[in-house]
Amino acid sequence: MTNIVKQQYPRMTKLRSVTTDSHQSLDDKVMSFKPFDSNENYIKFLNFQYRLMAKVAPLYQSKQLISVFNDLTSRCRLDYLKQDLIDFKQSISTGENNELNALSLPAAIGWLYVIEGSKLGAAVLAKQVGKLDLSDEFGARFLAGPGNGRGNAWREFMKSVESVNLSEQEEETMLEGALNAFNFAHTCIDNGLEQA
Ligand code: HEM
């Protein structure tokens, strides 16, 4: 982030700085199992993403979050992921999963930051799927960007995060939410690799 961006988006800057280490180690873990070296590895990666997305999907229907992020429902990638898994004839676990509905607004914003931010990383990963002959029509639908461009979607997201009225305490809760979301992502990947 440039200094101007830091000044314009102070809350985003905090979110980023408290989660940098966790993001880096997650990124290292994902890349260490070489998701684009074979279909088998890629399917592990899809299952990891699915465990994570299934957990956060209810947030994309949350009324309190939609009041802040107007286009929220259209941002959810869960259906694309399901379709990617179906492409590989993988079974999809279903079931009620509404735990995150109990989060306060600030904590939910922290969680959402992690998932929306992961789409920036997805841009990098999407460049590699060609190696496995995957695309936004087969196996890698969930990595595709939105119609109006990832940059726009991310800027709109950042502006909305900055616009919410939060006390200092609530901002702390938001940062904890982001850290918890990264911890959950670590758990998803650790469990997935053990099962593999
Ligand atoms: C191998 C996997 C990954 C790679 C290569 C990767 C890479 C990246 C890259 C290049 C960015 C953009 C940084 C920038 O604009 O300067 C980014 C941002 C981000 N990624 Fe990842 N990422 C990966 C996985 C993930 C995962 C699994 C999550 C969360 C579950 C995640 C969460 C984020 C967040 C929250 C941001 C936004 C950071 C900000 O505030 O600017 N990433 N990632």
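All of these numbers come straight from a predicted model, not from anything done at the bench. (Residues numbered from 1 in each chain as written. Predicted model: local features only at pLDDT ≥ 70, side-chain atom pairs only at ≥ 80, totals over all residues.)

Caption draft 1: Fine view of the overall build of the protein chain. When you go through the protein chain residue by residue, the secondary structure sums to nine helices and zero strands. Reading the secondary structure of the protein chain in the N-to-C direction produces α-α-α-α-α-α-α-α-α. The globule rule puts the C-alpha radius of gyration for 196 residues at 16 Å, and the 16 Å found for the protein chain is close to it. In terms of overall dimensions, the protein chain has C-alpha extents of about 45 × 40 × 30 Å along its principal axes. Here the protein chain, with 196 residues, has 29% of them falling under the buried criterion. Within the protein chain, contacts between residues separated by at least 24 positions form 77% of all contacts whose residues are at least 6 apart in sequence. (Helix = DSSP H or I, 4+ residues; strand = E, 2+ residues; numbered from the N terminus. Rg over C-alpha atoms; globule rule 2.2 N^0.38 Å. Buried ≥ 20, exposed ≤ 12 C-beta atoms within 10 Å, placed from the backbone. Contact = placed C-beta atoms within 7 Å.)

Caption draft 2: How the structure looks around the packing of helix α3 (residues 39–56) against helix α6 (residues 78–87). At a closest axis distance of 10 Å, the pairing of α3 and α6 adopts a crossing angle of 150°. Our classification of the angle between α3 and α6 gives roughly antiparallel. When the axes of α3 and α6 are compared, the crossing they make is left-handed. The segment α3 lies against α6, with L46, Q49, Y50, M53 and A54 engaging L78, L81, D84 and L85. (Axes fitted to C-alpha atoms, helices over the stretch in contact; angles between N-to-C directions. Parallel < 35°, antiparallel > 145°, perpendicular 65-115°, else oblique. Left-handed = near helix turned anticlockwise from the far one by under 90°.)

Caption draft 3: A look at the packing of helix α7 (residues 105–126) against helix α8 (residues 150–163). Closest axis-to-axis distance for the α7/α8 pair is 11 Å, and the angle between their directions is 160°. The orientation of α7 relative to α8 falls into the category roughly antiparallel. Judged by the twist between their axes, the crossing of α7 over α8 is left-handed. Mapping the contact onto sequence places I109, Y113, E116, K119, L120 and A123 in α7 and R150, W154, F157 and V161 in α8. Split into classes, the residues belonging to the contact of α7 with α8 amount to seven nonpolar, no polar and three charged. (Nonpolar A, V, L, I, M, F, W, Y, C, P; charged D, E, K, R; others polar.)

Caption draft 4: Examining the nonpolar core more closely. Among the nonpolar cores identified, the biggest contains 41 residues, and A108, W111, L112, V114, A178 and A185 are the most heavily contacted of them. If you list the elements that add at least two residues to this core, you get α2 (10–32), α3, α6, α7, α8 and α9 (168–195). Once you skip the residues sitting within four places of it in the chain, A178 turns out to touch L15, V18, T19, G110, W111, Y113 and V114. (Core = buried A, V, L, I, M, F, W, Y, C linked by C-beta atoms within 7 Å.)

Caption draft 5: Spatial organisation of α6. Within the sequence span of α6, burial applies to L81, D84 and L85. Down the axis, α6 shows its buried residues gathered within 100° of arc, on one side only. Opposite the packed face of α6, turned more than 90 degrees from it, sit the exposed residues D79 and I86. Those residues of α6 that are buried lie in contact with α3. Phi turns positive one or two residues past the end of α6, at K89, with a value near 55°. (Arc of directions from axis to C-beta.)

Caption draft 6: Spatial organisation of the site of the ligand. Around the ligand sit 17 residues in total, of which R16, V30, G117, S118 and G121 are the nearest. Within the residue set of the shell around the ligand, elements represented by two or more residues are α2 and α7. Classifying every residue of the shell around the ligand gives eleven nonpolar, four polar and two charged. (Near = placed C-beta within 6 Å.)

Caption draft 7: Structural view of α7. The end-to-end C-alpha distance of α7, which contains 22 residues, comes to 31 Å, matching closely the 32 Å that a straight helix rising 1.5 Å per residue would cover. Along α7, the helix axis deviates most sharply at L120, where the bend reaches about 30°. Among the residues of α7, A107, A108, I109, G110, W111, L112, Y113, V114, I115, E116, G117 and K119 are the ones counted as buried. (Expected span 1.5 Å × (residues − 1). Bend = angle between axes of the 7 residues up to and from the residue.)

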